[in-house]
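# Overview (structure and organization)
The chain contents come next:
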Amino acid sequence: MERITKSTTAGQRARVGVMGGTFDPIHHGHLVAASEVAATFGLDEVIFVPTGQPWQKQHKKVSHSEHRYLMTVVATASNPRFTVSRVDIDRPGVTYTIDTLRDLRRQRPQAELFFITGADALAQIMSWKDVDELWGLAHFVGVTRPGHELPDLGRQDVSLLEVPALAISSTGCRERVAEHQPVWYLVPDGVVQYIAKHQLYLESSEAENA
Ligand SMILES: Nc1ncnc2c1ncn2[C@@H]1O[C@H](COP(=O)(O)OP(=O)(O)OP(=O)(O)O)[C@@H](O)[C@H]1O
Ligand SMILES: O=C(O)c1ccc[n+]([C@@H]2O[C@H](COP(=O)([O-])O)[C@@H](O)[C@H]2O)c1
């Protein structure tokens, strides 16, 4: 029997957001962006998808995928509409969104997918693998982010949304931890505790990959 959520009535397709990110660590900028898109587009669910190996960050040191996955689980646990997928971290090799969306469509053939990106990621989208095929797999929603221009790609299947401006970045959070400054209220409480327990980010994140 098909599962019917509060927003989706019988016969309607579920509306599912996909929030992809490195999430190293996940912060309130990610969570507010997902929440705003969910409210504006009447989404039944937002699936957070931590990347496996982000190819455009190969020159940077990225934390182990299990740490990034578990921090994402902790950060989203209190929201019944937020879920976390392992599709990218369990797929061997470099992560491409074309594979993410194909996998999610196989898992949710009835769902209408909305891929959520910040302004900086949307500005790079024309460099993503198989971009011409991406458009057919999801509707794309670009959200505002302080310090980044939201590009108008001139496509009807790309929506632009203004969200509360939170000048938070994972890079900034990692730098603060490395400098022994607090990250309380930049990331969820459970993520602060996870970072401390596992002693993440005590070295500069800009180091080259070994
Ligand atoms: N403060 C923010 N406001 C809106 N969107 C954001 C914000 N931070 C990140 N995003 C978006 O969330 C997605 C995942 O971002 P990511 O995990 O790379 O975080 P980040 O803060 O950009 O990380 P880093 O500083 O390590 O590059 C991207 O689409 C990005 O544009
Ligand atoms: O498919 C690609 O070529 C591609 C290139 C860069 C980024 N992405 C996706 O964009 C999302 C945000 O990535 P990032 O690197 O800003 O954390 C995440 O889901 C990535 O997998 C995808």
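Position labels on residues start from 1 in each chain and follow its written sequence. All chains are assigned letters beginning at A, and all ligands numbers beginning at 1, according to the order in which they are written. Residue-level local features of this predicted model are given only where pLDDT is at least 70; pairs of side-chain atoms are given and counted only at 80 or more, and the full residue set underlies all totals for whole chains, interfaces and linings.

Under the annotation held in an unreviewed UniProt entry, the chain carries the name Probable nicotinate-nucleotide adenylyltransferase and is attributed to Zhihengliuella flava. UniProt positions are given in the numbering used here, feature names are shortened, and annotations may be inferred rather than shown by experiment. In its Function (unreviewed entry) section, UniProt records this for the chain: "Catalyzes the reversible adenylation of nicotinate mononucleotide (NaMN) to nicotinic acid adenine dinucleotide (NaAD)." According to its UniProt record, the chain has this under Pathway (unreviewed entry): "Cofactor biosynthesis; NAD(+) biosynthesis; deamido-NAD(+) from nicotinate D-ribonucleotide: step 1/1."

Along an α-helix, a turn takes 3.6 residues, which lines up residues three or four apart on a common side. Taking 1.5 Å per residue as the helical rise, helix H1 (residues 28–41) with its 14 residues ought to reach 20 Å, and the 20 Å between its terminal C-alpha atoms agrees with that figure. Residues of H1 that are buried include every one of Gly29, His30, Leu31, Ala33, Ala34, Val37 and Ala38, and no others. Downstream of H1 by a residue or two, Gly42 has a phi angle that is positive, lying close to 60 degrees. Strands are runs of DSSP state E lasting at least 2 residues, helices are runs of H or I lasting at least 4, and numbering of each runs from the N terminus. In a helix, the anticipated span is given by 1.5 Å times the number of residues less one. For every residue, the other C-beta atoms within 10 Å of its own C-beta are counted; 20 or more classify it as buried, 12 or fewer as exposed, and values in between as partly exposed. C-beta atoms are placed from the backbone.

Right, let's get into the nonpolar core. Among soluble globular proteins, nonpolar side chains are generally buried collectively. Counting residues in each nonpolar core, the largest one holds 44 residues, and the members touching the most others are Val18, Ala34, Val37, Phe114 and Ile116. No other element matches the 5 residues that H1 contributes to this core. Each nonpolar core comprises buried Ala, Val, Leu, Ile, Met, Phe, Trp, Tyr and Cys residues, the members being joined through C-beta atoms within 7 Å.

UniProt records the feature "domain: Cytidyltransferase-like" (unreviewed entry) at residues 18–176, using the numbering of this structure. Strand forms 21% of residues 18–176 and helix 36%; the C-alpha atoms that close the span are 28 Å apart.

With that settled, the discussion passes to the site of ligand 1. We count a residue as near a molecule or strand when its backbone-placed C-beta atom lies within 6 Å of that partner. Around ligand 1, a shell composed of 18 residues is seen, among which Gly21, Gly29, Gly118, Ser170 and Thr171 lie nearest. At the level of secondary structure, the elements contributing two or more residues to the shell around ligand 1 comprise H1, strand S6 (112–118), helix H5 (119–123) and helix H7 (170–178). Here the element with the most residues in the shell around ligand 1 is H1; it accounts for 3 residues. Any residue that is not Ala, Val, Leu, Ile, Met, Phe, Trp, Tyr, Cys, Pro, Asp, Glu, Lys or Arg is counted as polar, Gly included; the first ten are nonpolar and the last four charged. For the shell around ligand 1, the per-class residue count stands at 6 nonpolar, 9 polar and 3 charged.

Here we come to the site of ligand 2. Among the 14 residues in the neighbourhood of ligand 2, the closest are listed as Gly20, Thr22, Tyr96, Thr97 and Trp128. Contributing elements (two or more residues each) for the shell around ligand 2: strand S1 (15–21) and helix H4 (97–107). Classifying every residue of the shell around ligand 2 by side-chain character gives 5 nonpolar, 7 polar and 2 charged.

This part covers the pairing of S6. Within a regular beta strand, the side chains point alternately toward one face of the sheet and then the other, so they alternate between its two faces. Burial of S6 is extensive: 6 of the 7 residues sit out of reach of the surface. Pairing between S1 and S6: 5 bridges, direction parallel. Bridged to Arg15 within S6 is Glu112. DSSP bridges decide pairing: two strands pair if at least two such bridges lie between them. For S6 and strand S7 (residues 139–143), the ladder comprises 5 bridges, and the chain directions are parallel. Note that in S7 the partner of Ile116 across the bridge is Val141.

Another point: the environment of Val62. By the element assignment, Val62 lies in the loop between strand S3 (53–54) and helix H2 (65–76). With 63 residues separating them along the chain, Val62 and Ile125 place their C-alpha atoms 21 Å apart. Residues in contact with Val62, not counting those within four places in the same chain, are Thr22, Asp24, Pro54 and Lys57. By definition, residues are in contact whenever their C-beta atoms, placed on the basis of the backbone, come within 7 Å of each other.

Bringing the environment of Ala123 into the picture now. Here Ala123 is to be found in helix H5. Sequence-wise, Ala123 and Lys197 are 74 residues apart; in three dimensions their C-alpha atoms are separated by 36 Å.

Right, let's get into the packing of H2 against helix H8 (residues 189–197). It is at 8 Å that the axes of H2 and H8 come closest, and there the two elements cross at 150 degrees. It follows from the interaxial angle that H2 and H8 lie roughly antiparallel. Crossing angle aside, the handedness with which H2 passes H8 is right-handed. Only Gly190, Val191 and Tyr194 of H8 make contact with H2, whose side of the interface consists of Leu70, Met71, Val74 and Ala75. Across the contact of H2 with H8, the residue classes break down as 6 nonpolar, 1 polar and no charged. Helix axes are fitted to C-alpha atoms over the stretch in contact, other axes to C-alpha atoms as well, and angles between N-to-C directions run from 0 to 180 degrees. For classification, angles of less than 35 degrees are called roughly parallel, those exceeding 145 degrees roughly antiparallel, those between 65 and 115 degrees roughly perpendicular, and all remaining angles oblique. Each crossing gets its hand from how the near helix is turned against the far one by less than a right angle, where anticlockwise is left-handed and clockwise is right-handed.

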